[in-house]
2 protein chains.
Amino acid sequence: MSHPHPELGAPPALPKNGVRIVALGGLGEVGRNMTVLDYDGKLLVVDCGVLFPEDHPGVDLILPDFDYLRDRLDDIQAIVLTHGHEDHIGAVPYLLRLKPDIPLIGSTLTLALIEAKLKEHKITPFTMSVKEGDREPIGGFDCEFVAVNHSIPDALAVFVRTPGGTLLITGDFKMDQLPLDGRITDLRSFARFGEEGVDLFLTDSTNAEVPGFTTPERNITPAIERVFAGAERRVIVACFSSHVHRVQQVLDAARVHNRKVAMVGRSMVRNMGIAADLGYLKVPDGILVDAKKLGDLRDEQIVLICTGSQGEPMAALSRMANGDHQIDIGPGDTVLMASSLIPGNENAVYRVINGLMRRGANVVHKGNALVHVSGHASAGELLYCYNIVRPKNVMPIHGEWRHLVANGDLAVATGVPERNVMLAEDGVVVDLVDGQASITGVVPCGYVYVDGSLVGATDETMLKDRRILRDEGFVTIIVVIDSATGRIAAGPDIRTRGFAEDEAVFDKVVPKIEDALEQARAKGVNDTHQLQQVIRRTVGGFVGGKLRRRPMIIPIVIEA
Amino acid sequence: MSHPHPELGAPPALPKNGVRIVALGGLGEVGRNMTVLDYDGKLLVVDCGVLFPEDHPGVDLILPDFDYLRDRLDDIQAIVLTHGHEDHIGAVPYLLRLKPDIPLIGSTLTLALIEAKLKEHKITPFTMSVKEGDREPIGGFDCEFVAVNHSIPDALAVFVRTPGGTLLITGDFKMDQLPLDGRITDLRSFARFGEEGVDLFLTDSTNAEVPGFTTPERNITPAIERVFAGAERRVIVACFSSHVHRVQQVLDAARVHNRKVAMVGRSMVRNMGIAADLGYLKVPDGILVDAKKLGDLRDEQIVLICTGSQGEPMAALSRMANGDHQIDIGPGDTVLMASSLIPGNENAVYRVINGLMRRGANVVHKGNALVHVSGHASAGELLYCYNIVRPKNVMPIHGEWRHLVANGDLAVATGVPERNVMLAEDGVVVDLVDGQASITGVVPCGYVYVDGSLVGATDETMLKDRRILRDEGFVTIIVVIDSATGRIAAGPDIRTRGFAEDEAVFDKVVPKIEDALEQARAKGVNDTHQLQQVIRRTVGGFVGGKLRRRPMIIPIVIEA
């Protein structure tokens, strides 16, 4: 398989009849999915999502790097959105800030979700709604949309025909053969495209390492039924706020067991409102109640559906676990955490589970019952896809490196030649020319951090500073120098925060600073910056040598 | 089951014939296991381990809270160590700092490991070596030691007889029926204690939520064999540095495949040296080589055994993944991560796996092969124990709240009355009087942080400061006030770190500070502390209101 090489340089000019594929996110990470197709001077963007930070202190979101597009915004024909998850649509508002009139193309539900999000950003987009079976010319890209099954309704794959070659892009998908809404991944169309010829197959790698087949969604119904049958008091269900089918299962169970349902949490209320309005969520008559009116009901009549299944500290579920929410969890309450556990969230989630259990609740979760299934096709299903599509070239997308490699291995196992499998990272350029894909270069593609209201202002240096502050705190030393004499007029005044040490310890360093400054003065050093360096060296040597600590040291010399 | 209540107060005086049990760690957390038995004015400590921090920035270790013992150090008869893992022995050096002559009692390997650790702390302890079958009077505690099987050799349970009642304490254990070293958990002795009468059974809860039975250790041999049979170049094995049996399996495979083995990493070299010296690790003749002499061997002759299986950034494996180690990982190398994935370490571990795979290595890990089994008994095995021991009272130990509850449920399922199951947290007092256990109170029991060379100096306030610094950075404002006039002599001088904002933005706040200080002066305010509050309010209002950020704000007023 074609590995990217560190020595890759800028790509050559794209041959007249070539299609260029550059992912600005989603390769080497789970999130910020965004793939740019380039043909005949025109660009088509597929998905534009966010990545949630791991070890990026203070960072709220990570965006794809739009730099590659900055000079070519006018070439963008449209953004095709395969489905409504944050990691596929979340960065759209930031791209539209650069050019608000780029059309958005997607299914009804996908567009409704992105429009609701854009409304919060005060943007009204140009949109074009499509459904499975539609075929639309978009600039030079002839796009045909195909139903795929995923953990959100109305997901689409897209088959893109260009004179330079054909591409089938799955987006996220799985192959549940008996989905709750009956909408299966359309393998007959995959087969038809295969017959026509798929030059490059870009396919979801998320579960490529998982052997076998993804469990059908309806297999979790018995666990939900057991929860409702056995619940003595309230039932509290936590799940992703976009998982319409999961919520449907809970509504159906609530109806059978004569319970009313209240939605809790802004995104849950908003998304399920949209899904119900559009007919994706079938709400039994009279079952919904306002969360504020639960006092009128007995505990055994109540179901709450809320967010917080990943242990997010500000979500309702975490606050219930801490006793910091109007819903006072106690013995007899049952909490159903009907979601996956995203790697990295384990400690937070277990903290919530322990907190709920300490209050006496019965907690049913992935660890002790079948209450969640994945939204992605496993290795067994991907093999079916490769055998049905028989693509000429393959480019695994959506995943960490280990996922991309595993997906590439599956392609090779079905007969795709190793050299036709493109293992690329964000920014790596794949050119499809005369039916042959190859890696031809790399474009700059960094991480763009959203930090409060700031986009792109936070950089690696700042994150490094934050990590030092987090682990070691800081020491600041203020000295006022008499501008007339050059002698110390006040200070050294030492302040620390987050630095675990008796401040009296600095009594020893103060004379050292005074000596060092006096020596510098005697040598004629009077530049503020240089004097600060003198202080930094003196304090750094003391703290590092005597105390064996590495806090951030901030010397401040002021002339007065 | 008896839940602790928040309204618990200090416990009453212990009745003359009662045994008091207080865990100072290990209940409600996985780590810092330490249980104190109190009978007739004498104390017996069982285990004294450390907890590894989760969201405790800058903290290296968390210790049990020794405050409960501080006035009663002379009453401590001994510390019984059930086995040599860090979460059972790691805090011994800190307890011995308070009183170095407390005897340590444990098996040969356990004592060798704690002695090596104490040597680094420059402490030579009093020790008494015991083995399974030994019965020793220790103060008023008549202790009988029993073999148990765990993920480190030579682990012991202890049966404690006192006139006030009998206690069986398992320590960590599992029930592998065909262990590699043939040393099984001695259920015949458990049965004998049951016949005699076990008043309180304190048993390992770690895997109580896991249904069924823990897979035998030898079931991972085929996966190891496959790795060695298929490896083209080097084999690099990462595992815990105390897992003697896992290392034994690797040594045996290396011998069969004619490879030499080098140990990498200080703790691995030290522990395996001890295990080999004492005969727990059987090292085939001539198989070990110095890691520095690998250059003399061809790649396909080499096995490295190293630490870093949890993604620890400074360990050899992480550095290999980053290309920052003398071992230059490349295509054909095989890395075997033969260990569990401790919750919270997922991101770090996957980062290492992705890094190794990007270099072309084949990585075999828990996610794609059976290369690790747990060291703890699962629910099925715990049921056997309850049915064999038939204890009067039960106290689940070693685990988060969810584990303790699950273990208590198992006891109840075998017929232990709910009111005889003691669900306690750290510091909760359990009294065993006339064969009946009950929760009678609570003693203070906090977290004690080791932070660099400091023990107990870091507190929650400091951790809160560090979290603010981590997420938001800080802003410091220095103003020099002329002590004669009360007017500003220099400044305001504003410095920030970790705060993502253009510093020019502060040009707007400087006049506000000057105005506020001038107004304060006009009102006769000249106290430095009060002036600092004026600055804090002014800057905090600006930053919070206009920029919507919450950095740490540090105003510094200096008179000159």
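In this report, we go over the structure that sits alongside the text. All values derive from a computational prediction rather than experimental measurement. (Residues numbered from 1 in each chain as written. Chains lettered and ligands numbered in written order. Predicted model: local features only at pLDDT ≥ 70, side-chain atom pairs only at ≥ 80, totals over all residues. Heavy atoms only, no water.)

**Examining the overall build of chain A**
Phase 1: Each helix and strand counted, chain A has 14 helices and 25 strands in total.
Phase 2: Seen along its three principal axes, the alpha-carbon backbone of chain A occupies a region of about 85 × 70 × 45 Å.
Phase 3: Each of the 560 residues in chain A was classed as buried or not, and the buried ones make up 59%.
Phase 4: Sequence-distant contacts, at least 24 apart, represent 72% of the contacts inside chain A between residues at least 6 apart.
Phase 5: Summed over all atoms, the accessible surface of chain A reaches about 21,700 Å², with 50% contributed by carbon and sulfur. (Helix = DSSP H or I, 4+ residues; strand = E, 2+ residues; numbered from the N terminus. Buried < 20%, exposed > 50% of the residue type's maximum accessible area, 1.4 Å probe, protein only. Contact = heavy atoms within 4.5 Å. Areas by Shrake-Rupley, 256 points an atom, 1.4 Å probe, with all protein chains shown as cover.)

**What about the relation of the copies chain A and chain B?**
Phase 1: Its rotation angle being 180°, the transformation that places chain A on chain B also includes 0.0 Å of axial translation and leaves an RMSD of 0.1 Å. A rotation of that kind, with that shift, is consistent with a two-fold axis. Judged by C-alpha distance, arginine 470 of chain A is the residue of chain A that lies nearest the rotation axis, at 2.3 Å.
Phase 2: Comparing interface residues between copies, 100% of those in chain A also sit at the interface in chain B, which points to an isologous, same-surface contact. (Least-squares fit on C-alpha atoms with pLDDT ≥ 70 in both.)

**Observations regarding the interface of chain A and chain B**
Phase 1: Taken together, the contacts link 57 residues of chain A with 57 residues of chain B.
Phase 2: In total, about 5,000 Å² of surface goes out of reach between chain A and chain B, with carbon and sulfur atoms giving 57% of it.
Phase 3: Taken together, the connections running from chain A to chain B amount to eight salt bridges.
Phase 4: With a closest N to O distance of 2.6 Å, arginine 358 of chain B and glutamate 425 of chain A form a salt bridge. (Buried area = accessible area lost by both parts, 1.4 Å probe. Salt bridge = Lys/Arg side-chain N within 4 Å of Asp/Glu carboxyl O.)

**Side note on the pairing of strand β10 (residues 155-162) of chain B**
Residue and element names in this part refer to chain B.
Phase 1: Most of β10 sits inside the fold, with eight of its eight residues counted as buried.
Phase 2: Residues of β10 alternate between two faces, with Ala155, Ala157, Phe159 and Arg161 on one and Leu156, Val158, Val160 and Thr162 on the opposite face, all of them buried.
Phase 3: Of the strand pairs in this sheet, strand β9 (residues 141-148) and β10 are connected by seven bridges, and their pairing is antiparallel. Bridged to valine 148 within β10 is alanine 155.
Phase 4: The turn linking β9 back onto β10 is made up of six residues, and aspartate 154 within it adopts a positive phi angle of 70°.
Phase 5: Here β10 runs beside strand β11 (residues 165-169); their pairing, made up of five bridges, is antiparallel. Residue threonine 162 lies in a different strand from β11, and its bridge partner there is glycine 165. (Pairing = 2+ DSSP bridges.)

**Topic: the pattern of salt bridges**
Phase 1: Considering all chains together, one arrives at 77 salt bridges over all chains under this definition.
Phase 2: Aspartate 431 of chain B is paired through a salt bridge with arginine 20 of chain B; the nearest N and O atoms lie 2.7 Å apart. Of this pair, aspartate 431 of chain B sits in strand β19 (residues 428-433) while arginine 20 of chain B sits in strand β1 (residues 19-25), placing them 411 residues apart in sequence.
Phase 3: What makes arginine 20 of chain B buried here is its relative accessible area of 8%.
Phase 4: For lysine 99 of chain B, the salt bridge is made with aspartate 101 of chain B, and the minimal N-O distance between the two is 2.8 Å.
Phase 5: Look at the salt bridges and you will find they share partners, linking Asp55, Arg467, Arg470 and Asp471 of chain A into a network.

**Considering the sheet that holds strand β4 (residues 61-63) of chain A**
All names here are of chain A.
Phase 1: The three strands lie next to each other as β4-β21-β22, forming an open sheet whose pairing is antiparallel. The outermost strands of the open sheet, each flanked by one partner alone, are β4 and β22 (454-455).
Phase 2: Taken together, the two bridges between strand β21 (residues 448-451) and β22 define a ladder with antiparallel strand orientation. Bridging across to β22, aspartate 451 finds its partner in leucine 454.

**So, the environment of serine 378 of chain B**
Residue and element names in this part refer to chain B.
Phase 1: Structurally, serine 378 is set in the loop between β17 (362-364) and α10 (379-389).
Phase 2: Residue classification places serine 378 among the buried positions, given a relative accessible area of 1%.
Phase 3: Separated by 173 residues in the primary sequence, serine 378 and serine 205 place their C-alpha atoms 8.6 Å from one another.
Phase 4: Dropping the residues within four chain positions of it, serine 378 is found in contact with Asn207, Val210, Pro211, Gly212, Phe213 and Thr214.

**Let's talk about the pairing of strand β3 (residues 42-46) of chain B**
Consecutive side chains of a regular strand alternate in pointing toward one face of the sheet and then the other.
All names here are of chain B.
Phase 1: With four of five residues buried, β3 is to be regarded as a mostly interior element.
Phase 2: Relative to β3, strand β2 (residues 34-39) runs antiparallel, the two sharing five bridges. What sits directly across from threonine 35, in β3, is valine 46.
Phase 3: Counted along the chain from β2 to the antiparallel partner β3, the turn is two residues long, and its residue aspartate 40 has a positive phi close to 55°.
Phase 4: Both β3 and strand β5 (residues 76-80) contribute to a ladder of four bridges, which runs parallel.

**Here's the deal with the packing of helix α9 (residues 346-358) of chain A against helix α11 (residues 401-413) of chain B**
Phase 1: α11 of chain B packs onto α9 of chain A with a crossing angle of 50° between their chain directions and a minimal axis gap of 8 Å. One finds that α9 of chain A runs oblique with respect to α11 of chain B. On α11 of chain B, the residues touching Tyr350, Ile353, Asn354, Met357 and Arg358 of chain A of α9 of chain A are Trp401, Arg402 and Val405 of chain B.
Phase 2: Its residues assigned to classes, the contact of α9 of chain A with α11 of chain B comprises five nonpolar, one polar and two charged. (Axes fitted to C-alpha atoms, helices over the stretch in contact; angles between N-to-C directions. Parallel < 35°, antiparallel > 145°, perpendicular 65-115°, else oblique. Nonpolar A, V, L, I, M, F, W, Y, C, P; charged D, E, K, R; others polar.)

These results come straight from atomic positions and should not be treated as a statement about function.
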